[in-house]
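Coordinates in review
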Amino acid sequence: MVDRMSDIRIREKECMCCESTEIHENLLQIVQDNMIGEEELYDLAELFKVFGDSTRIRILFVLFEAEVCVCDLAETLNMTQSAVSHQLKILKQNKLVKSRREGKSIFYSLADAHVRTIIDQGREHIEE
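Here's a quick rundown of the structure.

**Some details on helix 5 (residues 70–77)**
- Residues Val70, Leu73, Ala74 and Leu77 constitute the buried set of helix 5. All buried residues of helix 5 fall inside an arc of 100° around its axis, so they share one side. Facing away from the buried surface of helix 5 by more than 90 degrees, the exposed residues are Glu75 and Thr76.
- In this fold, the buried residues of helix 5 make contact with helix 4 (54–65), strand 1 (68–69), helix 6 (81–93) and strand 3 (105–110).
- Within two residues after helix 5, asparagine 78 carries a phi angle of roughly 55°, on the positive side.

Following this line, the structure appears as structure tokens:
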């Protein structure tokens, strides 16, 4: 019986729930007035999924320093060109990197300063 009661207390502590149900209409109205649309929420979630892969983060860190081609990225990251190319395609589809052709090479760079800002803020957050 003691083990069961202690188990219940542990579960109650783990639950991040209110002790009683009370709806705060004024707060809910503020949230509803400022909530973004479902499509924008979906797009934002999809963008953050792109940042959820450490290989893509590594590629972005290389691009923080220089505009490089797939060969350079593959060498720097000790990956195949095919694997790097696959990740670059995802980053480009999500408008995080851009490319330009120079002769037979395609050079990649960050799409804009927002990409660095997102990464920098994420780093600040994990270092807190």
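**Overview of the environment of leucine 110**
- Within the secondary structure, leucine 110 sits in strand 3.
- On the accessibility criterion, leucine 110 (13% relative accessible area) is buried.
- Along the primary structure leucine 110 and lysine 98 are separated by twelve residues, whereas in three dimensions their C-alpha atoms are 6.1 Å apart.
- Setting aside anything within four residues of it in sequence, one finds leucine 110 in contact with Leu60, Leu63, Phe64, Leu96, Val97, Lys98 and Val115.

**A short note on the pattern of salt bridges**
- Counted according to the given criterion, the structure contains three salt bridges.
- With a closest N to O distance of 2.9 Å, glutamate 46 and lysine 49 form a salt bridge. A residue pair is termed a helical-turn pair when its members lie 3 or 4 positions apart in one helix, as glutamate 46 and lysine 49 do in helix 3 (residues 38–50) at three residues.
- A relative accessible area of 26% places glutamate 46 in the partly exposed class.
- A residue is classified by how much of its surface remains accessible, and lysine 49, at 53% relative accessible area, is exposed.
- Taking the shortest distance from any N to any O, the salt bridge between arginine 100 and glutamate 67 comes out at 2.8 Å. Within this pair, whereas arginine 100 is found in strand 2 (residues 97–102), its partner glutamate 67 is found in the loop between helix 4 and strand 1, the two being separated by 33 residues in sequence.
- Classification of glutamate 67 as partly exposed rests on a relative accessible area of 33%.
- Among the charged side chains, a salt-bridge network with shared partners connects Glu67, Arg100 and Glu102.

The rules behind each value
Residues numbered from 1 in each chain as written. Predicted model: local features only at pLDDT ≥ 70, side-chain atom pairs only at ≥ 80, totals over all residues. Heavy atoms only, no water. Buried < 20%, exposed > 50% of the residue type's maximum accessible area, 1.4 Å probe, protein only. Helix = DSSP H or I, 4+ residues; strand = E, 2+ residues; numbered from the N terminus. Arc of directions from axis to C-beta. Contact = heavy atoms within 4.5 Å. Salt bridge = Lys/Arg side-chain N within 4 Å of Asp/Glu carboxyl O.

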